[in-house]
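The chain contents come next:
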Amino acid sequence: MRQYLKEMFLVVTGGLLYIILELAWRGHSHWTMFVLGGLCFALIGLINELIPWCMPLWKQALIGTVIITGLEFLTGCIVNLWLRWNVWDYSDMPLNLLGQICVPYILLWIPVSLIALILDDWLRYWMFDEDRPHYCLWRHAKEG
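Criteria and cut-off values
Residues numbered from 1 in each chain as written. Predicted model: local features only at pLDDT ≥ 70, side-chain atom pairs only at ≥ 80, totals over all residues. Heavy atoms only, no water. Axes fitted to C-alpha atoms, helices over the stretch in contact; angles between N-to-C directions. Helix = DSSP H or I, 4+ residues; strand = E, 2+ residues; numbered from the N terminus. Parallel < 35°, antiparallel > 145°, perpendicular 65-115°, else oblique. Left-handed = near helix turned anticlockwise from the far one by under 90°. Contact = heavy atoms within 4.5 Å. Nonpolar A, V, L, I, M, F, W, Y, C, P; charged D, E, K, R; others polar. Buried < 20%, exposed > 50% of the residue type's maximum accessible area, 1.4 Å probe, protein only. Polar contact = N/O pair within 3.5 Å; in protein donor to acceptor, adjacent residues only side chain to side chain. Phe/Tyr/Trp six-rings, centres within 6.5 Å; stacked < 30°, edge-to-face > 60°.

*Asks:* Break down the packing of helix H1 (residues 2-26) against helix H2 (residues 31-45) for me, citing the residues and quoting the values.
*Replies:* For the pair H1 and H2, interaxial distance at closest approach is 7 Å and the crossing angle is 125 degrees. Compared by their axis directions, H1 and H2 come out oblique. Helix-helix and strand crossings are classified by hand; for H1 and H2 the assignment is right-handed. Only Met33, Phe34, Leu36, Gly37, Gly38, Phe41 and Ala42 of H2 make contact with H1, whose side of the interface consists of Leu10, Val11, Val12, Thr13, Gly14, Gly15, Leu16, Tyr18, Ile19 and Glu22. Grouping the constituent residues of the contact of H1 with H2 by class yields 11 nonpolar, 5 polar and 1 charged.

So this is what it looks like as structure tokens:
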């Protein structure tokens, strides 16, 4: 039960943060972005649970970027192309794929992923007594 509550807390936190990010960036959001943000945050949070801490932080951020981009594409195909809810459309952006993802936003997800990684690690430490975060910035560190 404790594990379930922890994961739900992290999903809700990610969902709320995604909505806040969208409101600040675009001025509006959609309830599906709460679901997408929560799922992204939860999966990004698993990076340090599944991959050793010694992986350089920039590589972890790239993995997070792939997670966000993949989920954004999948969500866009469902909510925009299939359901036709028109939550977003990147058709006028350079290097877009079906108007659902584009290179400029993929690049934006790198710092967002980095922040999400660090925030998740510290929330797990402060609130759930997990390992204190430690990072390697550029090279693989030896686990000790």
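On we go from here.
*Asks:* Provide a residue-level description of unusual backbone geometry, including the pertinent values.
*Replies:* Even without glycine at this site, Asn86 takes up a positive phi of about 55 degrees. Along the polypeptide, Asn86 turns up in the loop between helix H4 (57-82) and strand E1 (96-97). Using a relative accessible area of 61% as the deciding quantity, one classes Asn86 as exposed. For Leu98, which is not glycine, the phi dihedral falls at a positive 55 degrees. With respect to the helices and strands, the residue Leu98 is situated in the loop between E1 and strand E2 (101-102). Given a relative accessible area of 53%, Leu98 falls into the exposed group.

*Asks:* For the side chain of Asn48, give the residues involved together with the corresponding values.
*Replies:* Residue position: Asn48 is located in helix H3 (residues 47-50). For Asn48, a relative accessible area of 6% gives the class buried. In this structure the side chain of Asn48 is engaged in a polar contact, spanning 3.2 Å, whose partner is the side chain of Gln60.

*Asks:* An account of the packing of aromatic side chains is needed here, citing residue identities and associated values.
*Replies:* Taken as a whole and judged by the stated rule, the model has 8 aromatic pairs. Consider the rings of Trp122 and Tyr125, whose centres lie 5.5 Å apart with planes at 90 degrees: the pair is edge-to-face. With Trp122 and Tyr125 both in helix H5 (residues 103-128) and 3 residues apart, this pair spans about one turn of that helix. In this structure Tyr125 comes out as partly exposed when scored by relative accessible area, which is 27%. Taken together, a centroid distance of 5.3 Å and an interplanar angle of 40 degrees make the contact between Trp122 and Trp126 tilted. Of this pair, Trp122 and Trp126 both sit in helix H5, separated by 4 residues, roughly a single helical turn. Each residue in the set Trp25, Trp88, Tyr90 and Tyr105 is aromatic and connected to the rest through ring pairs, giving one cluster.

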